[in-house]
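Coordinate inspection notes
What follows is each chain in one-letter form.
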Amino acid sequence: MIPIRELLARLDPKTAMLSFDRSGFAERTWLCASTFANSLPLHVQRHLAVLTTGYLKEPGRPVEQYSRSALLAGKLSAALTGAGEEEDCVRIIEFETPAAILCGSEASVPETYRRAYFDLISTGFATRADAASARLFLRFAGPPAHLQKFSRLTVRLRFSENSTDPHEVAIDLKKHPDGSFVTALELFIERATAAKPLAYRANLLFSNGETVPVTSLFATIPNMLGLLATGNDNPGFFLDIEANGDKDAGEFWADVSLLHSPGPAFIPHFDFNWLFSKAGGGEPALDVTPAGLNQMVEVQARIVSVSPPIPISPTKSQ
């Protein structure tokens, strides 16, 4: 654990990315969620996000105003998005999402660990002008010596239960030049319009804290299904994985979580809509009746903790 008082946030004005330094250490500090380093697969994932804030320049008691936000997966945050007018401090948010445990090897395991189902209706999935996007976060479980033995991961998505033509995304788990290995995968699923097929892109998170976009992503998209308006014919999707590596690699385990948003591209910011069910808009007395409560949906995430303000210092672009 690193005391918050020892951290200093640095904001690159050109890339709008945040990094963190620790007093007395020359290298960037990699801040990880509290479940990230667990060597066992879990049914819950915790993630980090950053929110920049500024103090209103008015007389009287200081008032902190929200400015921009970004998800934080490695040593660098994603690019901050938002108004960004006054930024003096940053707060680190740890939030939690449900996760499914998956096995990507030919091992004798229960069927529940072979395929995960993501119910989009229960979490209020919505499109905006037929556009939608989602982020799958796959955290690899196991000790470093074990994870280094895997060289390729294939993710299969089935948008109907008995689909014989799944979408396949194959990713090479190449080692970093410094010898570090892949510890997690961000897979983004995006639909620009209902008339266009899904698009896939991915980032690899290495054990040194670097996040690297995947340039050699092999995607097979055999149909127009996926991330369309939900209903009885399109309630969600199934996902399974297959890992390949050395002959003595053994079993591959991971846990995977989902976040979704309306819009043609997944913007890696902190979306407060993940935390709340959609408001009914009617009278409060009617919203809490059985009929009203039946219309409510589950939240996608919940906040675990929020840090005290951490001062921001600008830094030169590298």
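Within every chain, residues take consecutive numbers counted from 1 along the sequence as written. In view of the model being predicted, local features appear only for residues whose pLDDT reaches at least 70, and side-chain atom pairs are presented and counted only at 80 or more, with totals across whole chains, interfaces and linings using the full set of residues. Water and hydrogen atoms play no part in the side-chain values, which are based on all heavy atoms of the structure.

1. Comments concerning the overall build of the protein chain
Counting its secondary structure elements, the protein chain contains 3 helices and 19 strands. With the C-alpha coordinates aligned to their principal axes, the bounding extent of the protein chain is approximately 65 × 60 × 35 Å. Whether a residue is buried, partly exposed or exposed follows from its accessible area with a 1.4 Å probe, protein chains only, as a fraction of its type maximum: under 20%, in between, or over 50%, in that order. In the protein chain, buried positions account for 45% of the 318 residues. Considering only contacts in the protein chain between residues 6 or more positions apart, those separated by 24 or more positions represent 72%. Only DSSP runs of H or I covering at least 4 residues are called helices, and only runs of E covering at least 2 are called strands; the numbering of each starts at the N terminus. Throughout, a contact is declared for two residues whenever any of their heavy atoms are within 4.5 Å.

2. Some words on the pattern of salt bridges
Opposite charge on two side chains makes pairing possible when the charged atoms of those side chains draw close. By definition, a salt bridge exists where a carboxyl oxygen of Asp or Glu is found within 4 Å of a side-chain nitrogen of Lys or Arg. Scanning the entire structure with this criterion turns up 15 salt bridges. Measuring nitrogen to oxygen at the nearest pair gives 2.8 Å for the salt bridge that ties Arg-68 to Glu-87. In this pair, Arg-68 sits in strand β4 (residues 64-72) while Glu-87 sits in the loop between β5 (81-82) and β6 (89-98), placing the two residues 19 residues apart along the sequence. Here Arg-68 matches Glu-87 in class, with each residue buried. Of the charged contacts, one joins Lys-149 and Asp-248 as a salt bridge, the two residues approaching to 3.7 Å between their closest N and O atoms.

3. Topic: the packing of aromatic side chains
By convention, a stacked pair of Phe, Tyr or Trp rings (six-membered ring in the case of Trp) has centres within 6.5 Å and planes under 30 degrees apart, an edge-to-face pair has planes over 60 apart, and any other such pair is tilted. Counted according to the given criterion, the structure contains 14 aromatic pairs. Aromatic side chains Phe-95 and Phe-270 sit 5.3 Å apart centroid to centroid with 65 degrees between the ring planes, which places their arrangement in the edge-to-face category. Note that Phe-95 is positioned in strand β6 and Phe-270 in the loop between β17 (253-262) and α2 (284-287), a separation of 175 residues in sequence. In this structure Phe-95 comes out as buried when scored by relative accessible area, which is 0%. Geometrically, the ring pair formed by Phe-188 and Phe-266 is tilted, given 5.7 Å between the ring centres and 40 degrees between the ring planes. With Phe-188 in strand β12 (residues 182-191) and Phe-266 in the loop between β17 and α2, this residue pair connects regions lying 78 residues apart in the sequence. Comparing Phe-188 with Phe-266 shows no difference in burial state: the two are buried. Within the aromatic cluster, the residues linked to one another by ring pairs are Tyr-66, Phe-95, Phe-188, Phe-266, Phe-270, Phe-272 and Trp-274.

4. Some remarks on the environment of Pro-3
Along the polypeptide, Pro-3 turns up in the segment before β1 (7-12). A relative accessible area of 26% places Pro-3 in the partly exposed class. For the pair Pro-3 and Pro-222, spaced 219 residues apart in sequence, the C-alpha to C-alpha distance is 50 Å.

5. Some points on the sheet that holds strand β7 (residues 100-103)
In space, the 6 strands of this open sheet follow the order β7-β17-β9-β12-β13-β14, with antiparallel pairing throughout. If you trace the sheet from one side to the other, it starts and ends with β7 and β14 (211-213), each paired once. With strand direction ignored, the average angle separating the axes of adjacent strands in the sheet is 25 degrees. Only strands joined by at least two bridges in the DSSP assignment are considered to pair. Throughout, an axis means a line fitted to C-alpha atoms (over the contacting stretch in the case of helices), and angles, computed between N-to-C directions, take values from 0 to 180 degrees.

6. Comments concerning empty space enclosed by the protein
In the cavity and pocket records, a cavity denotes points on a 1 Å grid over the protein atoms alone where a 1.4 Å probe fits but cannot get out, a pocket denotes an open set with protein on both sides within 12 Å along at least 5 of 7 lines, and lining residues are residues with an atom within 4 Å of a point. Grid points are joined across faces, edges and corners, and a volume is the space filled by probe spheres set on the points. The full count for this structure, using the stated rule, is 1 cavity of 30 Å³ or more. Roughly 140 Å³ of internal volume is contained in the largest cavity. Forming the boundary of the largest cavity are 14 residues, of which His-47, Leu-48, Leu-72, Ala-73 and Phe-137 lie nearest the centre. Going through the elements one at a time, β3 (44-55), β4 and β9 (132-141) are the ones with two or more residues in the lining of the largest cavity. The biggest single contributor to the lining of the largest cavity is β3, with 3 residues.

7. Some words on the sheet that holds strand β16 (residues 236-245)
The 5 strands lie next to each other as β8-β16-β10-β11-β15, forming an open sheet whose pairing is antiparallel. Each edge of the sheet is formed by a strand with only one pairing partner; in this case those strands are β8 (116-119) and β15 (217-220). Adjacent strand axes in the sheet meet at a mean angle of 20 degrees when their direction is disregarded.

8. Some details on the nonpolar core
Proteins that are soluble and globular tend to have nonpolar side chains buried together. Buried residues of nine kinds, namely Ala, Val, Leu, Ile, Met, Phe, Trp, Tyr and Cys, make up a nonpolar core once their side-chain atoms join them within 4.5 Å. In terms of nonpolar packing, the biggest core is built from 41 residues, with Leu-136, Phe-140, Leu-153 and Leu-239 touching the most fellow members. The leading source of residues in this core is β9, at 5 residues. Ignoring sequence-local partners within four residues, the contact set of Leu-239 consists of Leu-102, Arg-114, Arg-115, Ala-116, Phe-118, Leu-136, Val-155, Arg-156, Leu-157 and Val-256. By size, the runner-up hydrophobic cluster in this structure holds 18 residues, among which are Leu-7, Leu-48, Val-90 and Ile-310.

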